[in-house]
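Per-entry structural report
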Amino acid sequence: MTTTSTIDTPVCRTPAGVEITTAETGPGSRLPGERGPRPEHRPHAREAGEYLFVGLRGATRLPVPDPASVRLAPGDICFYDAHRPPELDFPERFRATVFLVPTDLLGLTPADAGRITRTPVARTSRLGALLSPLLSDLARTAATARPPVGEMLAGNAVNLLATLAAEQLGTRTPGPGGQAPPVLARILEYVELHLTEPDLSPEILARAHHISVRYLHKLFQEEGTTVGRWILRRRLEECRRELTRHGRGSRTIAAVAGRWGFTSATHFSRVFRTAYGMSPREWRDSAGRG
């Protein structure tokens, strides 16, 4: 006899209605939600690992179509309607990380929500490769953080999911064939490899990839950002992650900032507070107390 268990113990809950749950579970698990009509799709996988799910609260309430089979691989991100959460056909043991998010926080209409729930974001895709590990890391950190920090992390996760939803809906200008130009993926990889270098700049990126600075800015503009904002955001994310580590041998705040390309401690403190609503020291202390 097959038993069905529900992944329903949030590790982080915010006043805005966002819940984050992460748990080791097994076959027959049902995703969190309202347990309404039959689900509109049946996610299934044959490999162990971590899978990420985004339950859309107040999503569609539309007529329920015939259930569709959705195949997933470890690290994939799958949206679903929390009004009719699906049962998972998965391996014996796997890890499920679930974000329950009101659709209005993601800027989604009911029609939008209905469209993205049937199209998973593969971990092997360009955006999936960038966001899947970040979302997983946010969920794990939120599980051990005190409420103020957990709520901030949940807000960051919502921002990432809103970006992901917009990409899925095609609200940004796509590259050839509906995907970003291959050169952009190479540029993003180059940024990751050289993020610690203080002199990383649009001119260096353009020269390394044999394109003009003007075309480089155009590529990032089509992704809804700028070169400078992308580099700054990634540096801040790495600094924030490193500042959560404590114990013998951990770096000072100034050393962490310098390691990730910030040449001025004052500038680093200012942009960190602007991005996260607290100083680097407050973040480190709050994470430590958590």
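Residues numbered from 1 in each chain as written. Predicted model: local features only at pLDDT ≥ 70, side-chain atom pairs only at ≥ 80, totals over all residues. Heavy atoms only, no water.

1. Quick notes on the packing of helix α7 (residues 227–243) against helix α9 (residues 265–276)
Packed helices, taken two at a time, are described by the angle between their axes plus the distance between the axes. Between α7 and α9, whose axes approach to 11 Å, the crossing angle comes to 90°. Considering their axes alone, α7 and α9 lie roughly perpendicular with respect to each other. Between α7 and α9, the contacting residues are Leu232, Leu236, Glu237, Cys239, Arg240 and Leu243 on the first element and Phe268, Val271, Phe272, Ala275 and Tyr276 on the second. Its residues assigned to classes, the contact of α7 with α9 shows nine nonpolar, no polar and two charged. (Axes fitted to C-alpha atoms, helices over the stretch in contact; angles between N-to-C directions. Helix = DSSP H or I, 4+ residues; strand = E, 2+ residues; numbered from the N terminus. Parallel < 35°, antiparallel > 145°, perpendicular 65-115°, else oblique. Contact = heavy atoms within 4.5 Å. Nonpolar A, V, L, I, M, F, W, Y, C, P; charged D, E, K, R; others polar.)

2. Re the nonpolar core
Core analysis: the largest hydrophobic core is formed by 64 residues, its most contacted members being Phe99, Leu135 and Phe268. Of all the elements, helix α3 (residues 147–169) adds the most residues to this core, at eleven residues. Beyond its immediate stretch of four places on either side in the chain, phenylalanine 268 contacts Leu236, Cys239, Leu243, Ile253, Ala257, Phe262 and Pro280. With 15 residues, the next largest nonpolar core counts Ala45, Leu88, Phe90 and Ala96 among its residues. (Core = buried A, V, L, I, M, F, W, Y, C linked by side-chain atoms within 4.5 Å. Buried < 20%, exposed > 50% of the residue type's maximum accessible area, 1.4 Å probe, protein only.)

3. Section: the packing of aromatic side chains
Across all of its chains, the model carries seven aromatic pairs by this definition. Taking the centre distance of 6.2 Å and the plane angle of 85° together, the rings of tyrosine 51 and phenylalanine 94 count as edge-to-face. You can see tyrosine 51 sitting in strand β4 (residues 50–57) and its partner phenylalanine 94 sitting in strand β7 (residues 94–102), a full 43 residues away along the chain. With respect to burial, tyrosine 51 and phenylalanine 94 carry one shared label: buried. Put simply, the rings of Tyr51, Phe53, Phe90 and Phe94 touch in pairs and so form one group of aromatic residues. Above the face of the tryptophan 230 ring, arginine 233 is positioned so that its terminal group lies 4.6 Å from the ring centre. Directly above the aromatic system of tryptophan 260 lies the positively charged group of arginine 259, at a separation of 4.7 Å from the ring centroid. (Phe/Tyr/Trp six-rings, centres within 6.5 Å; stacked < 30°, edge-to-face > 60°. Lys NZ or Arg CZ within 6 Å of the ring centre and 35° of its normal.)

4. What to know about the pairing of strand β2 (residues 19–25)
β2 sits mainly inside the fold: five of its seven residues count as buried. Taken together, the two bridges between strand β1 (residues 12–13) and β2 define a ladder with antiparallel strand orientation. Counted as the bridge partner of arginine 13 is glutamate 19 from β2. Remark: five residues form the turn of the hairpin made by β1 and β2, two consecutive strands paired antiparallel; glycine 17 in that turn has positive phi of roughly 95°. Here seven bridges tie β2 to β7, and the two strands are oriented antiparallel to one another. The partner of threonine 22 across the bridge, within β7, is threonine 97. (Pairing = 2+ DSSP bridges.)

5. Side note on the sheet that holds strand β6 (residues 77–81)
Taken in spatial order, the five strands of this open sheet run β1-β2-β7-β4-β6, and their pairing is mixed. The open sheet terminates on both sides in strands that have one partner only, identified here as β1 and β6. Taken together, the eight bridges between β4 and β7 define a ladder with parallel strand orientation. Bridge assignment links phenylalanine 53 to a residue of β7, and that residue is valine 98. Each of β1, β2, β4, β6 and β7 is contacted by helix α2 (residues 126–144), which is oriented at about 80° to β4, the strand it contacts most.

6. A short note on the confidence of the model for the chain
Looking at the chain as a whole, the pLDDT averages 82, with 83% of positions reaching at least 70. For the stretch residues 171–179, pLDDT sits under 50, and the model shows eleven contacts to residues farther than four places along the chain or on other chains. (pLDDT = per-residue confidence, 0-100.)

7. Quick word on the environment of methionine 278
Checked against the element boundaries, methionine 278 lands in the loop between α9 and α10 (280–289). Take methionine 278: its relative accessible area is 12%, and that puts it in the buried class. For methionine 278, the residues in contact, after removing those within four places along its chain, are Val149, Met152, Phe272, Arg273, Trp283 and Ser286.

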